[in-house]
Structures are given as structure tokens and as C-alpha cells.
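Survey of secondary and tertiary structure
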Amino acid sequence: MNTIQQRLSQLPKVDEVLGDSRIAEYLETTSRTLVVDAIREVISKYRQQILQEGESASSFDVDNFFYHLIHEIEERKKPSLRRVINGTGTVLHTNLGRARLCASAFDALQEASAGYSNLEYDVRKGERGSRHDHVERLICQLMGAEAAVAVNNNAAATMLCLSAMACGREVIVSRGELVEIGGSFRIPDIMKSSGAILREVGTTNKTRLSDYTNAINEETGVLMKVHTSNYQIVGFTSDVELKELAKLGKETGLPVVYDMGNGLMADLSQWGIDEPTAMSGLRDGADVILFSGDKLLGGPQAGIIAGKKEYIEKMKKHPLARVVRMDKLTIAALEATLREYLDSAKALRNIPVLRMITESAKKVKERGIRLLEETRDMDHMELQVVPVQEQIGGGSAPSVVLDGFAVTIKSRIPAERIERQLRKQDIPIIARVTKGCVYIDMRTVGDDEIQVIAESLRRIDREGKNQ
Ligand SMILES: *Cc1c(COP(=O)(O)O)cnc(C)c1O
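Read on for an overview of the structure.

Analysis parameters
- Residues numbered from 1 in each chain as written.
- Predicted model: local features only at pLDDT ≥ 70, side-chain atom pairs only at ≥ 80, totals over all residues.
- Heavy atoms only, no water.
- Helix = DSSP H or I, 4+ residues; strand = E, 2+ residues; numbered from the N terminus.
- Buried < 20%, exposed > 50% of the residue type's maximum accessible area, 1.4 Å probe, protein only.
- Polar contact = N/O pair within 3.5 Å; in protein donor to acceptor, adjacent residues only side chain to side chain.
- Axes fitted to C-alpha atoms, helices over the stretch in contact; angles between N-to-C directions.
- Parallel < 35°, antiparallel > 145°, perpendicular 65-115°, else oblique.
- Left-handed = near helix turned anticlockwise from the far one by under 90°.
- Contact = heavy atoms within 4.5 Å.
- Nonpolar A, V, L, I, M, F, W, Y, C, P; charged D, E, K, R; others polar.
- 1 Å grid on protein atoms, 1.4 Å probe; cavity = no way out; pocket = protein on both sides within 12 Å on 5 of 7 lines; lining within 4 Å.
- Points joined across faces, edges and corners; volume = space filled by probe spheres on them.
- Arc of directions from axis to C-beta.

What follows is about the side chain of Arg443. Relative to the assigned elements, Arg443 resides in the loop between strand S15 (437-441) and helix H20 (450-464). On the basis of relative accessibility, which here comes to 2%, the residue Arg443 falls in the buried class. Of the polar contacts made by the side chain of Arg443, one reaches the side chain of Glu390; its length is 2.5 Å. A distance of 2.8 Å separates a polar atom in the side chain of Arg443 from the backbone oxygen of Asp403.

Written as C-alpha cells, this is what we have:
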């Protein structure tokens, strides 16, 4: 037998490992399949290493083997969808789940999921009810709308709206508003899928009212405006304001649909956010408006459609309504979030997205200083609080820059390694590395998360000794 064969023959068999007392507790607390898969994986890794290293492979170390195995089992035990700490400073980080929900929303989620609910049951009358009712009245009240319906997300809202209002007919949209919202959501594609025919007018930088007027013909079904929520065209530009388009709609008897994207429902102009509010969309004459639930609204993933009853009723009855309908958990979270807006001062305090956006740089800095104080005793890392600029993200208010603070880490441990270690923590911390320096942005870090970050940093610092 040569050395390689000898090394390979030292590797344990799955059954032997299963019988070892070191993993007995895992067989009780988790599934056998998970443990067996983990054992196979670790044995296979050892085998590959021996084959790679050949003669120089070290002999089998059983303690080392079980150390790796237990780590592998622990990793596999973790749920796939997990909480992370957002140290990026981007408030609406689509990859990190967009909006952090308000406390009343997670209470509502728990309440609605732990038992049965009146999802489609009218408790007062003792008969079948509608799932739409739970949020419709609230939306109408908050927005001054005749009717409303909420669906899975704003992409679904656009699809349902165009299918119900413009299938087989032309929808006039400005070339400057043919938005792509990340990945596969492009207005022209959604239009095609809904069966509506896109009629582009104007140019990328300039569209005039006469462009719409000239394009109207007997095939026209809808005049559509799309809020360019994730980009801005600057320079020699002009577009047609909603008010003007609404006037044209009235004159020609065509409905005006406004895809507003971000769903801002509080006045944030005082904080430099000049986005149109959802309320202004209807006030300025749109017949139907659409927006997301998990952007500036600060709720769960949802698409909200509000406006004239005749159009909303058509959408509710459309076969697609069933395809894109919201589930009870989302309804629960959305209702609770919307309720916060009944008192706008409360909304600014209680809805994390709004609280984060409106928080002063001074407050953000204070959290950084607290983190600094919690980690004074480290040997290999030194923290500093530095001013940074942050974005709202999630395709909302792209030109707004928030002045905030981040904690940077001075260390002889390479920044990439620290960043990687931060991601490996039980609650992964998502930081960024710029010019060889790690930044943990404090705007998106909650008060309750400072301690967790501090403990993680101290752990990484201790391990820093061993490298
Ligand atoms: C974000 C956005 C959408 C898509 O909304 P989702 O809720 O992410 O599906 C559609 N239109 C506009 C203008 C947007 O900003």
C-alpha cells in the first residue's frame, strides 16, 4: 500500500462516525439525514485533500475530524433565511430584505399565524368575507382614494392593472420613463406580458404634452406615467407633469395610471426628500396609482393599487388577481404598518425606514461611539467613528445623500478577512470594504444590535491572535 492509499484507508466509515458519542446529541436534536449528509461531506473533503496533497498529506487526526464535522452540522442546522445586521448604510437594501418592519407589524404577524383568522370571514355577519377588506378601508382613508387593492408586489400591481385596464390596447408612456427596476422588471416587458401594447412617445430627455396628444388614437387604452424612482435625467430635459397628463386624460376620456414606485406616505421634505407622496398622486389627478409596500412605505413586500372604484373593481375580478393575491401574513403586516400612518408623528417614530432616514447625523454618530466604547479592550483592532455619506437605496430617491457615520476598523488583520469574519458570525454582519478599510455604517444598525456587533468584533479580535 502506498502512502496515499494508507491515508485514505484511515478515513472513518459513515456508520462508525454515527456511532461516536461526540455526535450523539445531534442525532437527537436534528434529523439523521442532516447528520449523515454532513458526515459524507466532511469525509469527502478529507479524501479530496489527501488526493491533492498526495505523499505530503498528514495522517488522520480524529479530533480535527470531529471539530470540522460538528462545525458542518451546526452550519447545516441554521435556517437558510436568517437575520443579518445591515452595516451598509443603505436603508432599503433589496438584497437584505428591503424594509425592516415596525414592531406592531411583527406582533400582527405572530397573531395572524399562531391561530386561525378571519382572513375571508365576516365575523360580525357570520358569513364569507373578503381578504381585500382588511387593508382597503385603511388605504382609502389614508390616501383619500375611492377604492384600493393590495397584491404581492408592485410588479404584480403593474401587471394586474395593465391586464385589467389595457389588454389588447395601447398604453402611452414617455421614452424617458421606460424604467428598469433591477433584474427582470422592465416596463416594456411587463407591458408585453400583460397583453397591453406599448406606445412610446417623446425622447429619452424630452417629452411634451403634444407627444401624448399626437399618439392618442382609437386603440389607446391608458395614459401611463412612471416615476423614475431609481435614476434621474439631468440637463436639457422636460417631462409632462402628472397634472397636465391628468387634464389630457379628462379631455379625452382616457384613464391615467401612475406607477409611483416607492410609496412615500409621509412628508419628508424637511429631510431633503423631494419624492412625490402617494397621496399627491391621486390629488394631482391620477385615476389609478401603484406603489410598493416595502420601499419608503416601510412595510412588507406588497403592491398597492388605489384610485377610482370602477378600475379597482375590474382588477379585483380579473383572473390574475388570484394569481397575485397577498397571503394572510403579508396582509397582517401591511395592515399594522398602514395603521401607524393614522398618526404621522407616530409613523416617523415607529416605522424603522422612516426613523432611519430622518435620524440626525448626531444620533447616528452616538451609536458609533457606543460601539467604540463597547470594544475598547481589543488587542488587534482599533475602531474609529468617521463621517460617511449614505443612500436610501431600493430604487428610491436616488439623488438623496444622507450624512451619517460609520465605524472603521484599524488593524493589522487584512480588511477583507475582517469583513469575511463578520459575515461568518451567528448573526452575520454585512459591512463594506473601501480602499482597504472596513466600514460598518451606523445608520442602518439598530440600538439593539450594537452589543451583538461588539461581541462579534471581540471574537474576531481574539482569533486575530492565532493567525
Ligand atoms: C420598485 C418599482 C417597481 C417594482 O416594485 P416591486 O415592489 O419591487 O415589485 C415598479 N415600478 C417602479 C417605478 C418602482 O420603483
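We now examine the packing of helix H7 (residues 133-143) against helix H15 (residues 328-340). One way to put it is that H7 packs onto H15 with a least axis distance of 10 Å and a crossing angle of 25°. Relative to H15, the element H7 is oriented roughly parallel. When the axes of H7 and H15 are compared, the crossing they make is left-handed. Two secondary-structure elements touch here, H7 through His134, Val135, Leu138, Ile139 and Leu142 and H15 through Ile331, Leu334, Glu335, Leu338 and Arg339. Across the contact of H7 with H15, the residue classes break down as 7 nonpolar, 1 polar and 2 charged.

Summed over the entire model, instances satisfying the criterion amount to 2 cavities of 30 Å³ or more. When its volume is computed, the largest cavity comes out at roughly 50 Å³. Around the largest cavity, the lining residues are Arg131, His132, Val135, Ala150, Arg325, Met326 and Ile331. Here the lining of the largest cavity is built from residues that sort into 4 nonpolar, 1 polar and 2 charged. Roughly 30 Å³ of volume is contained in the second largest cavity. Lining the second largest cavity we find Ile413, Arg417, Gln421, Ile460, Glu463 and Gly464. When residues of the lining of the second largest cavity are traced back to their parent elements, those giving at least two are helix H19 (415-423) and H20. The leading source of residues in the lining of the second largest cavity is H20, at 3 residues. Split into classes, the residues belonging to the lining of the second largest cavity amount to 2 nonpolar, 2 polar and 2 charged.

With that out of the way, let us pick up helix H13 (residues 309-317). Listing the buried residues of H13 in full gives Tyr311, Ile312 and Met315. Down the axis of H13, the sector holding all buried residues measures 95°, keeping them to one side. The exposed set on the far side of H13, more than 90 degrees from its buried face, consists of Glu310 and Lys317. Looking at the buried residues of H13, the elements they touch are strand S4 (147-151), helix H8 (154-166), strand S9 (288-292), strand S10 (303-307) and helix H14 (319-323).

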